[in-house]
Amino acid sequence: MNNSNKISEVKNPLPELLIVSDTSMWVTAEGIIAFEPVVREIENFQYLFSKITWIGFHRTDIAKQKNARSVKSDKVNMIMLPATGGDTFMAKFLTLLRFPYTILIVTFHIFRHQ
């Protein structure tokens, strides 16, 4: 086997990262934005990974908060799941209905990142 075959078989040395968190995310003109301290933390360690998939929850009820911004990295792919929980019976019932979708998305990305 020659060296050119060995080089072509070498994969990217940087791993991929999957983050599943309860961080609130929402859509603005900037794109998907999230809680700024978490965004800053991800930006600070993003150089350690070839790709980062970040799964969080779509929360329109807090969209007017000022402490949010978009991720400034092409390595980060943000995925929003439907918001779950709440104070009313209907909100709690919807959590049960959304649970299979949440498990499906998270499981898909877990296997994709191995």
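Here, every reference points to the structure presented above.
Residues numbered from 1 in each chain as written. Predicted model: local features only at pLDDT ≥ 70, side-chain atom pairs only at ≥ 80, totals over all residues. Heavy atoms only, no water.

(A) Here's a closer look at the pairing of strand 1 (residues 16-28). For strand 1 and strand 3 (residues 51-58), the ladder comprises seven bridges, and the chain directions are parallel. Residue pairing for strand 3: Val-20 is matched across the bridge by Ile-55. Hairpin connection of strand 1 to strand 2 (residues 31-35): two residues between the antiparallel strands. (Pairing = 2+ DSSP bridges. Helix = DSSP H or I, 4+ residues; strand = E, 2+ residues; numbered from the N terminus.)

(B) Seen up close, helix 2 (residues 36-45). All of the buried residues along helix 2 are Val-39, Ile-42 and Glu-43. On an axial view of helix 2, the arc spanned by its buried residues comes to 100 degrees, and they lie on one face. (Buried < 20%, exposed > 50% of the residue type's maximum accessible area, 1.4 Å probe, protein only. Arc of directions from axis to C-beta.)

(C) The arrangement of the pattern of salt bridges in detail. What the rule picks out here adds up to three salt bridges. Of the charged contacts in the structure, one is a salt bridge between Glu-36 and Arg-40, with a shortest N-O distance of 2.7 Å. One end of the pair, Glu-36, and the other, Arg-40, are both in helix 2, four residues apart, so they sit about a helical turn from each other. We classify Arg-40 as partly exposed; its relative accessible area is 40%. Each member of the salt-bridge network shares a partner with another, and the members are Glu-36, Arg-40, Glu-43 and Arg-69. (Salt bridge = Lys/Arg side-chain N within 4 Å of Asp/Glu carboxyl O.)

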